[in-house]
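The residues making up each chain are set out below.
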Amino acid sequence: MFAEIIINSNAKALNKIFDYIVPNDMINIIRIGARVFVPFGKGEKIEDGFVINLKENSEYANKEIVRIENENSISEDNIILAKLMARKYFCNISDCIRLMLPPGTASKEISNRIKEKTGNFVYLKRDIDEINMLIDEEKIKSEKHIRVLKFLQQNDGIYISDLKLLTDVSKGILKTLEKNGHIEIIEKQIERNPFINKNIIPDKPKKLNSEQKKCFNGISSNIENNEFSKNLIYGITGSGKTEIYLQLIQKVLEKGKDAIVLVPEISLTPQMVDRFLARFGNNIAVLHSKLSVGERYDEWQKIAKGEAKIVIGARSAIFAPVKKLGIIIIDEEHDMSYKSDSTPRYNAKDLAKYIAEKNSCPLVLGSATPDIITMYQAKNNDINLYELTKRANNANLPNIEIVDMRNELAIGNKSMLSLKLQNEIEKNLKNKKQTILFLNRRGYSTFIMCRECGFVAKCKNCNISLTYHMSENKLKCHYCGFECGIIKECPKCKSKKIKYFGTGTQKLEDEVNKLFPNSSTIRMDIDTVSKKNSHEEILNKFKNENIDILIGTQMVVKGHHFPNVTLVGVITADSSLNLEDYRAVEKTFQTLVQVAGRAGREKNTGNVIIQTYNPDHYAIIDSQKQDYSLFYNQEIELRKVLNYPPFCDIIMIRFSGNNLNQIQNLANFVYKKINEVKKDNMLIYKPVPSPIDKIKNKYRWRIIIKCKLTSNVLDIIQYGIQDEKISKIKDASIIVDVNPNVMN
Ligand code: ADP
Ligand code: ZN
Ligand code: ZN
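Residues numbered from 1 in each chain as written. Chains lettered and ligands numbered in written order. Predicted model: local features only at pLDDT ≥ 70, side-chain atom pairs only at ≥ 80, totals over all residues. Heavy atoms only, no water.

J.: When you look at the pattern of salt bridges in this model, what are you seeing that I'm missing?
T.: Between side chains of opposite charge, pairing is possible as soon as their charged atoms come close. Counted by the stated rule, this structure contains 42 salt bridges. Of the charged contacts, one joins arginine 87 and aspartate 715 as a salt bridge, the two residues approaching to 2.7 Å between their closest N and O atoms. In this pair, arginine 87 is assigned in helix α1 (residues 76-88) and aspartate 715 in helix α21 (residues 711-721), connecting sequence segments 628 residues apart. Residue class for arginine 87 comes out partly exposed when judged on its relative accessible area of 35%. For aspartate 371, the salt bridge goes to arginine 583, with nearest N and O atoms at 3.7 Å. With aspartate 371 in the loop between β14 (362-367) and α12 (372-379) and arginine 583 in the loop between β25 (565-570) and α17 (584-596), this residue pair connects regions lying 212 residues apart in the sequence. The residues aspartate 371 and arginine 583 share a single accessibility class, namely buried. Linked by salt bridges that have partners in common, Glu333, Lys349, Asp371, Arg583, Glu586, Glu635 and Arg639 make up one network. (Salt bridge = Lys/Arg side-chain N within 4 Å of Asp/Glu carboxyl O. Helix = DSSP H or I, 4+ residues; strand = E, 2+ residues; numbered from the N terminus. Buried < 20%, exposed > 50% of the residue type's maximum accessible area, 1.4 Å probe, protein only.)

Structure below.
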């Protein structure tokens, strides 16, 4: 017997099938999906790989498999899925398989040490990009230091004992790295059952109202009859979507099946999990990135062994090893985090549909502001639409006011806060109510320019202006992590007239502290959220210590419920409007509706103030009216005219590398090849530099193609990017991203 094997590697050249001989003593245990160890390459080094097919004949096989490890393997169904994904998302089959393995077992060495129960944890303290930068700039030079940091980039949150063993470094080295601020070592008692000490009050199903009932009955009959269906529950926050999810899951459990619930990473809060615990007890496994690798491994095993029947997790939980899938629920289905921005660039919603269909069970999408594409499908009867129009707990919707910031300038108010917003904050402080201020840019000033000659301070590695961070008194690049001291004199004309423009959350906090010196404030953005000071802890502090004003980026928008917040201020609603991403307008609308939803969720009616320079833009007006269907109608018309999704797919092919000439030639070469074989319905734009044409010293060019991504088109693009000439170019990369979240 022979096995077709894929080597566990992300090297493009290894995305190939290799034939191996199955020795006689393995014939009875080998199966498709099994993890195997084989001699590979010139030195016959033992590498790991996966069986993707078994057969009786082979022309090429001349070496034997040396070992099989069935424990950290995947199912045959998942092999089929991995092959499909590799084709659809233009990546290696093994890139996809790694997503499906038990957490922490992707690299072969770590798999047998994952089960340890106690020890200290090591986390990266800096961004991955920032570390790469420091290494590139030789600020980190020691080979051992680099080895540890590179390892942590792949395996963040690892036990110190594992790390020492796997990287062969001493405790002293780790201490130095900690002292230099690269890593943090956290002593924590490892709680392998995250729920063990929770005191949850059991909760009973609520009597559904008529809208909820209609939805429940529809999907419930699909569960009963084991049939696939696609459903959208479109209902404002608080309209009882989660209650429906809970009752549907109850039904699934009664049929002896399992449920997968996907939520955006950031809303995977304890409060959210508590609701499931209250209804279902410990029958739950949670998967998200804040758990240690070991904890994730345990949660994964609970599912694989059938000890947990319900999985709640972020995007990659779609690959959880449930036994008999009975339903997939995707909450906040419009959220961008369901689409991956790194290889494999998959969309969990597409995969969910495939998996639900394969398992003959319903797929349920829920949102207050559905993805335009999902709603379009619902309107065209591709998806069953269930609408919830009332708030289940009768809370009031907030009052929303728009402030035209151009008028503020006209009356001489140069503050980031309009007079209206200042007044409302003042009132709120008097009434001892809390306020949230939202601004989607971090740092202090986002733009540093010489007023004499127009010089703009840019990152030396990226074509991006630097942001001033006051707390550290440094200029930082938000793309690559490069940082340098502040500029007092123009490097070009030596003028001292350096001006700081643009605003970020740090400056906002500064200004609020000056305007309201007696108020307490707390800031939440990537700079204040670290592993130690979690998102969760900042929000709890805000809530429990009754801090007056929370200032934050996107992070403040989701999840939490703050009974005492009655005012929400949006500092500039426009910041994402002018991006060229096709979802930018939609994202602005969704964010504004969600931010507004933070105000006055209980007895108190909330006030929301939206500051903008584009008060006539439909995304702003419609969010003031909190009118999704009005927004949908305008947006879908525009997408039709511009030929954007759902009317076609946008395929971005990006070329990047150190040599500008080479990148340009490569892009032109691929463009020519695709044009040779293109079909009439493909609109192919000429290669151009990306909007950000240099990141981390790598030049970036791109080709955009508009058309429906059919099987035919996949072949054409594959033909375009796969060429012997291309594979010879060493330091250039090509990625293909379909309907990307960001087009930069
Ligand atoms: P959503 O998920 O749409 O935001 P939830 O399911 O969280 O809405 O419901 C909001 C609140 O209303 C919750 O406290 C929930 O327990 C309650 N609720 C939901 N449905 C009902 C119902 N049929 N009867 C009474 N309370 C309900
Ligand atoms: Zn100058
Ligand atoms: Zn940079």
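And the narrative resumes.
J.: Explanation requested: the coordination of the zinc ion (ligand 2) in the structure shown.
T.: For the zinc ion (ligand 2), every protein donor is listed as Cys450 (SG), Cys453 (SG), Cys490 (SG) and Cys493 (SG), and the spread of their distances is 2.3 to 2.4 Å. Taken together, the 4 donor atoms coordinating the zinc ion (ligand 2) span angles of 105 to 112 degrees at the metal, a pattern that classifies the geometry as tetrahedral. Sequence spacing of the donors to the zinc ion (ligand 2): C-x2-C-x36-C-x2-C. A residue pair is termed long-range when its members are at least 10 positions apart, and cysteine 453 in the loop between β18 (447-450) and β19 (467-469) and cysteine 490 in the loop between β21 (483-485) and β22 (498-501) qualify at 37 residues. Overall, the relative accessible area of 33% leaves cysteine 453 in the partly exposed class. (Donors = N, O, S within 2.8 Å, 3.2 Å for Na, K, Ca; no water. Tetrahedral: all angles 85-135°; square planar, octahedral: opposite > 155°, others 65-115°.)

J.: Looking at this structure, how should I read the sheet that holds strand β13 (residues 325-330)?
T.: Each strand in a sheet pairs with another by means of backbone hydrogen bonds, the pair being arranged parallel or else antiparallel. Here 7 strands make up an open sheet; going across it, the order is β11-β12-β10-β13-β14-β9-β15 and the pairing parallel. This sheet does not close on itself; its edge strands, each paired only once, are β11 (284-287) and β15 (384-388). Across the sheet, the mean angle separating the axes of adjacent strands is 15 degrees when strand polarity is ignored. Where strand β9 (residues 229-235) lies against β15, 5 bridges are found, and the strand directions are parallel. Following the sheet pairing, leucine 232 is matched in β15 by leucine 385. Here helix α7 (residues 210-224) sits on the sheet and contacts β9, β13, β14 and β15; the angle it forms with β15, its principal contact strand, is near 150 degrees. (Pairing = 2+ DSSP bridges. Axes fitted to C-alpha atoms, helices over the stretch in contact; angles between N-to-C directions. Contact = heavy atoms within 4.5 Å.)

J.: Sorry, what's going on with helix α9 (residues 270-280) here?
T.: Helical geometry: 3.6 residues make up each α-helical turn, so side chains three or four residues apart lie on a common side. Regarding α9, the residues found buried are Met272, Val273, Phe276, Leu277, Ala278, Arg279 and Phe280. Of the surrounding secondary structure, the elements contacted by the buried residues of α9 are α8 (241-254), β10 (258-262), β11 and β12 (310-313). Looking one or two places after α9, you find glycine 281, whose phi comes out positive at around 65 degrees.

J.: Teacher, can you tell me more about the side chain of asparagine 741 here?
T.: Checked against the element boundaries, asparagine 741 lands in the segment after β31 (732-738). A distance of 3.0 Å separates a polar side-chain atom of asparagine 741 from the backbone oxygen of methionine 336. A distance of 3.4 Å separates polar atoms of two side chains, one belonging to asparagine 741 and the other to aspartate 341. Not counting chain neighbours up to four residues away, the residues in contact with asparagine 741 comprise Met336, Lys339, Asp341, Asp581 and Arg583. (Polar contact = N/O pair within 3.5 Å; in protein donor to acceptor, adjacent residues only side chain to side chain.)

J.: So what exactly am I meant to see when it comes to the site of ligand 1 here?
T.: Around ligand 1, 15 residues are found, and the nearest of them are Lys207, Gln212, Gly238, Thr242 and Arg275. In the model, an oxygen atom of ligand 1 is placed 3.0 Å from a nitrogen or oxygen of the glutamate 243 main chain. Against a free-state accessible area of 550 Å², the protein chains account for coverage of 76% of ligand 1. Looking at which element gives the most residues to the shell around ligand 1, the answer is α8, with 3 residues. The residue makeup of the shell around ligand 1, split by class, is 3 nonpolar, 7 polar and 5 charged. (Near = heavy atom within 4 Å. Areas by Shrake-Rupley, 256 points an atom, 1.4 Å probe, with all protein chains shown as cover. Nonpolar A, V, L, I, M, F, W, Y, C, P; charged D, E, K, R; others polar.)

J.: In this structure, what is going on with the packing of helix α4 (residues 143-154) against helix α6 (residues 171-179)? I would like to understand it.
T.: Any two packed helices are characterised by how steeply their axes cross, that is the angle between the axes, and by the distance between the axes. In contact at an axis separation of 10 Å, α4 and α6 are set at 75 degrees when each is read in the N-to-C sense. In terms of axis orientation, α4 runs roughly perpendicular to α6. Taken together, the residues of α6 that come into contact with α4 (itself represented by Lys144, His145, Val148 and Leu149) are Ile173, Leu174, Thr176 and Leu177. (Parallel < 35°, antiparallel > 145°, perpendicular 65-115°, else oblique.)

J.: Sorry if this is basic, but what is going on with the packing of α1 against helix α2 (residues 93-100) here?
T.: Between α1 and α2, whose axes approach to 8 Å, the crossing angle comes to 135 degrees. Relative to α2, the element α1 lies oblique. Classified by chirality, the crossing of α2 by α1 is right-handed. Within the contact between the two elements, α1 uses Asn78, Ile79, Leu81, Ala82, Lys83, Met85 and Ala86 and α2 uses Ile93, Cys96, Ile97, Leu99 and Met100. (Left-handed = near helix turned anticlockwise from the far one by under 90°.)

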